Structures are given as C-alpha cells and as structure tokens.
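Residues per chain are reported as follows:
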Amino acid sequence: MMTYFNPVELIRKKRNGGRLTDAEMEFLVAGYTQGDIPDYQFSSLLMAIYFKGMDPGETASLTRAMTGSGETLDLSDIRKPKVDKHSTGGVGDKVSLVLAPIIACCGICVPMISGRGLGHTGGTLDKLGSISGFRTDLTKRQFIHQLKKIGVALIGQTEKIAPADRKIYALRDVTATVDSIPLICASIMSKKLAEGIDGLVLDVKFGSGAFMKDYGSAMILARALVQTGKAAGIKVKAVLTDMNNPLGEYVGNSLEVMETIETLKGHGPADLIELTLVLGEEMLKLAKIKGGRRLLLEKVASGDALDKFRDIIRYQGGDTRIIDDFPHLTMARKAAMIRARSNGFVHAIDNYGIGIALIRLGGGRSRKEDKIDPACGFKINKKIGDRVKKDDVLIEIYSDNKTKATVVSEFLRSAFVIKTKPCRHKTLIREVIF
Ligand code: URA
C-alpha cells in the first residue's frame, strides 16, 4: 500500500534543496496522475525541481514512478534482443525511419514508440502520417503481433503508456519548466522503459536546431539519460551529434519520407547515412550482434532494408506504392528559392529558424490541435562549410500556398551567414557516452 505524505511538506523539502525518497516520489506522481494532487501543487513542485535539480537517484525514482503510472510491454516471449533508438529532436531528422528497418533486418526487434513534432523539431509520427493510410495507433496486441511477424513496428504513445508523462508534460509546457534536465530525462526514459526493451541508443543533439543549444548541456543530458537507463536495468549508449545543420537534404514530412526511401535504395545524403550507420553500429553492439557497419550496408545494398520498410507500411495499412512511385506521396510544388547574395562560404545556418519556417509553412504545429500539411517543406542545397557563388540556390521552398511561401521566403532570407573566408564544418558525430 502506498504511504501517505503531506504534499506541502514535500514541496517545501524540495524547495529547500532536500532530496525526495522513492516512496515520496511515487506518492507525488501517482497522486498527480490520479487527480488527488491539484495542478497548483504539482506546478510548485516542478518549479522547485527546476531550480534545485535532482540527483541521479531521484531522477531514477521519478522515472520509475512515471513508467509505473501505466502499462509496460512484456516482450519476453520474443527471443531476439530488443533495442530501440531515440533522438532528442532536430530539423530534418528522419534517422528513425531509415534505421528501424535496417536494424530489424539484422535480427534485432525494434519496438519503436515515437512522438509528434515538438516545438521547432519534426516528429517521426508526423512523417509517417504523410503516407496515405499509415496507422500509428495500433493496439497493444497488433503492435506485439507485428513485432513477432516482422521484427519492427513504429507507433505513437498510447493513453496507457506512461500517462503521468502526458499529464506532467502538459503542465510543464504551461509553467515554463520544460527545459529542466532531470525532468526531460524522466520524461524521455519513462516512455522508453515502458517499451520492454533491453537496450537503447540515444541521439542527443546540440546546436541551433536542437533543444540543447550548447554542447555542455547536451553532455549533461546525455549522462543523465545513460545513468537513468542503467539504473532501470537496461543497456544504454548516447551519441552526441551536431544539429547546427539540417540533417540530410530535405525538411518536411513527405519530402523526408521520400528521402528515407532514396536512402534505403542506396542514394542517401552523406550526413544522413553516416549518422544512421553510427547509431546502427551502437545498436548492434548493445545487441551483441557482430558485423558492424558492413552488415548494415549489406542490408541496404541487398534491398532487404527497403523490403522491410515496405513490410512496415503494409502491416500498418499504408500505401506501399510510394516505394516505387513518389507521385503516390503528396508533395507540393516548388514555390520559391532563396539565393546567395554574395560569393563566399557558409559559416552558420539558423537551423532553429528553418524548423520555425516549416511550422509557418504549415508543415508543423504551433498549437497541438493544428492540422499539418504533409506536402510542404524545403530542400537544403548548402550546408555549413560549403562554398557558394552569388545567386546559387541555398534553399528551395515547396508549398502549394503562394502567400505562405512568400512570407517564409522573407523569413528565411537571412538564415544563412555567408562570409568570404573559408569555414571548416565541425564533425557531425562528437562523442559516444556509455
Ligand atoms: N522529449 C520528451 O519526450 N520529453 C521532454 O521533456 C523533452 C523532449
């Protein structure tokens, strides 16, 4: 039976820099999720956590309490290693779509529960939503059935998975407590731990297109995520990656699905391929499967990974014709182009601005009830370090709405910083933490 505490005493304890015990954390999370603790008290607690932080043990117990607020998948009768990948979010990040089918071809079960776009970053569910008929709302039975049949499924968070996170995240959103490392850590890990996985590879991004703008905070988050996962008994690795550039060439839901298919056909852009391979190698290591990069490349070259992506679409009710015929994806017309105003080298890109521009174009949400236009987006022709000549096209804007395209062109005009002296782009993959 759960011990009763006085919520005011617990808020005061945290406010004064004290440490909450496992039992106290469980009481607070269960009380808030069930409606016994009101928003005003939980808001105060969140703000106290925001300012006083939490030690690794407290973060682990908050995570455990949040996972325990709902159901956890039991995948123990699937004999394969179960490993997932999670990204903290970026612009043009479609790695999950490319990586999940490749990894499933290597004998690993990938039970991927993904999210919608958050702020300026895109979401795997929104990208999948651009495939006509594709369902991400499978029941638990359908999800497990698909994992048994083809070794991979990509769905959204259900009502039953970590309901505490849904409720707490909504409250954080309106109380300026989203950007707290222990709260972000517990939020991400509570959902991942409910998947019944034994390994997780985290892509923790830093830079203008990421939530963590600087390397130092991304490193702290990565360490907290790894520690929390280990405390919960799973194997975890985090890869720190640069999000100052959009990833790949396309940003926008249908365009990113098209780029995924091209990559699975062996024609992907170098940065997307490299990140997919690095994360994939780490997943193989966690699953103790030999072969590394060579095995991953083999699965693409043989067409197996593309066939697996086709299987995922078929099992989840989507239109598989998109694999061979892009016109079956709804894609907008090219409506405008941003050109360089001078010769030089790209020194910086406002990658956050590109994410915001996609929302303005209709390809993301500014309110959670907004409907997305899957067809719009951008093609990014130049990256940091590239040489450009005056009038070279930097970004192409795809939209069927001329007014929006014009507004966004104005907005993006200053997204590229071009200077005359050369600039070397720093490496995409910075560090692996385990
Ligand atoms: N993603 C999440 O799932 N939760 C957070 O708090 C931040 C990013």
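That block above? That's the structure.
Residues numbered from 1 in each chain as written. Predicted model: local features only at pLDDT ≥ 70, side-chain atom pairs only at ≥ 80, totals over all residues. Heavy atoms only, no water.

Asker: Could you clarify how one ought to interpret the packing of helix α5 (residues 95-104) against helix α12 (residues 270-286) in this entry?
Answerer: Two quantities define a packed helix pair, namely the angle between the axes and the distance from one axis to the other. Between α5 and α12, whose axes approach to 10 Å, the crossing angle comes to 45°. Taken together, α5 and α12 sit at an angle that is classed as oblique. The way α5 lies across α12 gives a crossing that is right-handed. Contact residues: α5 offers Val-95, Val-98, Leu-99, Ile-102 and Ile-103, while α12 offers Leu-272, Leu-275, Thr-276, Leu-279, Gly-280, Met-283 and Leu-284. Partitioning the contact of α5 with α12 into residue classes produces ten nonpolar, two polar and no charged. (Axes fitted to C-alpha atoms, helices over the stretch in contact; angles between N-to-C directions. Helix = DSSP H or I, 4+ residues; strand = E, 2+ residues; numbered from the N terminus. Parallel < 35°, antiparallel > 145°, perpendicular 65-115°, else oblique. Left-handed = near helix turned anticlockwise from the far one by under 90°. Contact = heavy atoms within 4.5 Å. Nonpolar A, V, L, I, M, F, W, Y, C, P; charged D, E, K, R; others polar.)

Asker: What exactly am I supposed to notice about the side chain of His-347 here?
Answerer: By the secondary structure assignment, His-347 is in strand β8 (residues 344-349). Other than its neighbours up to four places away in sequence, His-347 contacts Ile-384, Val-417, Lys-419, Lys-421, Pro-422 and Cys-423.

Asker: Could you clarify how one ought to interpret the pattern of salt bridges in this entry?
Answerer: For side chains of opposite charge, pairing can occur when their charged atoms come near one another. Taken as a whole, this structure holds 31 salt bridges when the rule is applied. When the shortest N-O distance is used, the salt bridge between Lys-127 and Glu-256 registers 2.8 Å. Highlighted residues: Lys-127 in helix α6 (residues 124-128) and Glu-256 in helix α11 (residues 253-264), separated in sequence by 129 residues. The class of Lys-127 is buried, set by a relative accessible area of 2%. Taking relative accessible area as the criterion, Glu-256 reaches 2% and is therefore assigned buried. Asp-392 serves as the salt-bridge partner of Lys-382, at 3.9 Å between the closest nitrogen and oxygen. Placement of Lys-382 in the loop between β9 (377-380) and β10 (387-388) and of Asp-392 in the loop between β10 and β11 (393-398) is noted, with a sequence separation of ten residues between them. Through salt bridges that share partners, Asp-84, Lys-192 and Glu-195 make up one connected network. (Salt bridge = Lys/Arg side-chain N within 4 Å of Asp/Glu carboxyl O. Buried < 20%, exposed > 50% of the residue type's maximum accessible area, 1.4 Å probe, protein only.)

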